[in-house]
Amino acid sequence: MELYNEYELISHSKLADCSMFIVDMVYRPMHLHKEMELCYILSGTCRVSTDRQSFTAGAGGVLLFDAGAGHEIWAAGAPARILTLQLSHGFCSRFYPQIRNVRFGCRLLSDCLSELSLHTLQHAMLQAFSEYLLDSPQAMFACMAQIHAIFALLLQGVPYRVLSDTENTTQTRNAERMHRILHYLETHYSEPVRLSEIAKTEGLTQTYLSHLFREQLHIPFQEYLARLRLEAKLTDTMEFYAGGEVGVCTMPKKLLAAFTVTEDDLDSISGFARSIEGVRIGIMIREVEDGLGKISLRTEAPYDASAICQRLGGGGHAAAAGASVPGGIAGAKAAILRALAESGVRL
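What counts and what doesn't
- Residues numbered from 1 in each chain as written.
- Predicted model: local features only at pLDDT ≥ 70, side-chain atom pairs only at ≥ 80, totals over all residues.
- Heavy atoms only, no water.
- Disulfide = S-S within 2.5 Å.
- Buried < 20%, exposed > 50% of the residue type's maximum accessible area, 1.4 Å probe, protein only.
- Axes fitted to C-alpha atoms, helices over the stretch in contact; angles between N-to-C directions.
- Helix = DSSP H or I, 4+ residues; strand = E, 2+ residues; numbered from the N terminus.
- Parallel < 35°, antiparallel > 145°, perpendicular 65-115°, else oblique.
- Contact = heavy atoms within 4.5 Å.
- pLDDT = per-residue confidence, 0-100.
- Pairing = 2+ DSSP bridges.
- Phe/Tyr/Trp six-rings, centres within 6.5 Å; stacked < 30°, edge-to-face > 60°.
- Core = buried A, V, L, I, M, F, W, Y, C linked by side-chain atoms within 4.5 Å.
- Expected span 1.5 Å × (residues − 1).
- Salt bridge = Lys/Arg side-chain N within 4 Å of Asp/Glu carboxyl O.

A. Highlighting the state of the cysteines. Per the counting criterion, the structure on display carries zero disulfides. Cysteine 143 supplies the cysteine sulfur nearest to cysteine 18, a cysteine that is in no disulfide, at a spacing of 6.9 Å. Of the cysteine sulfurs around cysteine 309, a residue in no disulfide, the closest is that of cysteine 249, at 14 Å. Given a relative accessible area of 0%, cysteine 309 falls into the buried group.

B. Representation of the packing of helix 4 (residues 165-188) against helix 6 (residues 206-217) within the structure. The interhelical angle for the contact between helix 4 and helix 6, taken along N-to-C directions, is 95°, at an axis separation of 11 Å. In terms of orientation, helix 4 and helix 6 fall into the roughly perpendicular class. Contact residues: Asn174, Ala175, Arg177, Met178, Ile181, Leu182 and Leu185 in helix 4; Tyr208, Leu209, Leu212, Phe213, Gln216 and Leu217 in helix 6.

C. Examining the confidence of the model for the protein chain more closely. When pLDDT is averaged across the protein chain, the result is 87; 93% of the residues are at 70 or more. Note that residues 1-11 has pLDDT below 50 and, in this model, 46 contacts with residues that lie over four places away or in other chains.

D. Fine view of unusual backbone geometry. Going from alanine 301 to proline 302, the amide bond is cis rather than trans, its omega being 10°. Tracing the backbone through its elements, the reader meets proline 302 in the loop between strand 16 (292-299) and helix 10 (305-310). Even without a glycine there, the phi angle at aspartate 17 is positive, about 70°. Within the fold, aspartate 17 resides in the loop between strand 1 (7-8) and strand 2 (18-25).

E. Region of interest: the environment of glycine 247. Among the structural elements, glycine 247 can be located in strand 14 (residues 246-251). A relative accessible area of 0% places glycine 247 in the buried class. Distance from glycine 247 to isoleucine 283, taken between C-alpha atoms, is 6.1 Å for residues 36 residues apart in sequence. With sequence-adjacent residues up to four places away left out, glycine 247 is seen in contact with Met238, Glu239, Phe240, Ala273, Val279, Ile281, Gly282 and Ile283.

F. Summary view of the sheet that holds strand 17 (residues 315-316). In space, the six strands of this open sheet follow the order 13-14-15-16-18-17, with mixed pairing throughout. Two strands bound the open sheet, and with one partner strand each, they are strand 13 (239-241) and strand 17. Sheet strands in contact with helix 11 (residues 328-342) are strand 13, strand 14, strand 15 (281-287), strand 16 and strand 18 (320-326), and its direction is about 155° off that of strand 15.

G. Quick peek at the packing of aromatic side chains. A complete count under the given rule lists seven aromatic pairs for this structure. Ring centres 5.4 Å apart and planes at 80° place the aromatic pair phenylalanine 213 and phenylalanine 221 in the edge-to-face group. Cluster of aromatic residues (ring-pair linked, three or more members): Phe91, Phe95, Phe104, Phe151 and Tyr160.

H. Seen up close, the nonpolar core. If you look at the biggest cluster of nonpolar residues, it comprises 35 residues, and the most contacted ones within it are Leu38, Leu109, Leu121, Met125, Ile147, Phe151 and Leu154. Those elements that provide at least two residues to this core are strand 2, strand 4 (36-43), strand 7 (62-65), strand 9 (80-87), helix 1 (89-95), helix 2 (115-134) and helix 3 (137-157). Counting residues per element, this core draws most heavily on helix 3, which supplies nine residues. When near neighbours in sequence (up to four residues on either side) are disregarded, leucine 121 contacts Val62, Leu109, Leu113, Ile150, Leu153 and Leu154.

I. Examining the sheet that holds strand 7 more closely. Taken together, the five strands give an open sheet; going across it, the order is 2-9-4-7-11, and neighbouring strands pair in antiparallel fashion. Edge positions in the sheet fall to strand 2 and strand 11 (107-108), since each of these pairs with one other strand and no more. Two elements, strand 2 and strand 9, share eight bridges in a ladder whose sense is antiparallel. Across the sheet, the residue bridging to methionine 20 is leucine 85, located in strand 9. Against the sheet, helix 2 touches strand 2, strand 4, strand 7 and strand 9, its axis set at about 100° to strand 2.

J. Layout of helix 7 (residues 221-236). Between the first and last C-alpha of helix 7 there are 23 Å, a value that for 16 residues agrees with the 22 Å anticipated at 1.5 Å per step. Within the span of helix 7, buried status applies to Phe221, Tyr224, Leu225, Ala226, Arg227, Leu228, Leu230, Glu231, Ala232 and Leu234.

K. Fine view of the pattern of salt bridges. One pass over the structure, following the stated rule, counts 14 salt bridges. Residue aspartate 17 pairs with arginine 94 through a salt bridge whose shortest N-O separation is 2.9 Å. Of the two residues, aspartate 17 sits in the loop between strand 1 and strand 2 while arginine 94 sits in helix 1, which places them 77 residues apart along the sequence. Among the residues examined, arginine 94 registers a relative accessible area of 52% and is labelled exposed. Among the salt bridges present, the one from glutamate 239 reaches lysine 333, with a minimum N-O distance of 3.0 Å. In this pair, glutamate 239 is assigned in strand 13 and lysine 333 in helix 11, connecting sequence segments 94 residues apart. Exposure remark for glutamate 239: the relative accessible area of 31% places this residue in the partly exposed category. Taken together, the shared-partner salt bridges in this structure form one network comprising Glu245, Arg274, Arg280 and Glu300.

Right under this line is the structure:
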């Protein structure tokens, strides 16, 4: 599933102020939305970056993201299957307006809740989703009963604060402003983009906008723009095989040199090809020292990334593996395609 930087606008077509869905997550760049979000990891492992902190959550973990809080998620290996519950501001306004502006922060709930409370919350999310899928009047009320129980568990066990209406208005306005800015960047990244011009359009000082960008997305403006441009360049290098199920992207040294890329960036970017819709075998080939091509392979069942890379002297796990091959990018591409063919993949 291909998901880019965005400010989500969620429609609540079944239930007022609530939305539920399951997604197979490979990589979700830094983004934000108006809804509070609970993410129950059904399978796989996720790395999360938000609120100037990073943590890892495996199957059974439940993540909480405040409304308007920027966060980045990427799967460590195989796609992570996530059950998501999103609650809009109107949820509390409707049932208990005294805490309509509640904020819990962005957390891994196992750090706050007891084992029993976490298990109860997980069960409630599964039950709520099963009712949500039935789409009948009685099922919708049963679903809401479970969601109310979930919210009661959060209030009981997770630290929170209630914003004043003024604070909430400011946060909402800033989130909407970031939505406009991110949309502008995603449609104009290939052109000269100046922070000063965006600030002028928004009626802000350049200093304030720079601070706001860091506060909302936890990344400097120029670094975010460079990352956006790098992803676009990687998209330009994409080659597809096996009817689109195999995707290969390449990263020569000159491309790395042109952008500010950290080791964490390389870790998440290595799964970029696999994030393209329809791709089941994603390959990133990076030019490294000594004339080698470094292969990062991400697969989904029944393909075994480790077995494939072992043919090239590498290894790893079933869903994520790698190898280094002589001959630079060209040599590595020929080698990995040959290994795929030898593994029974029809190219």
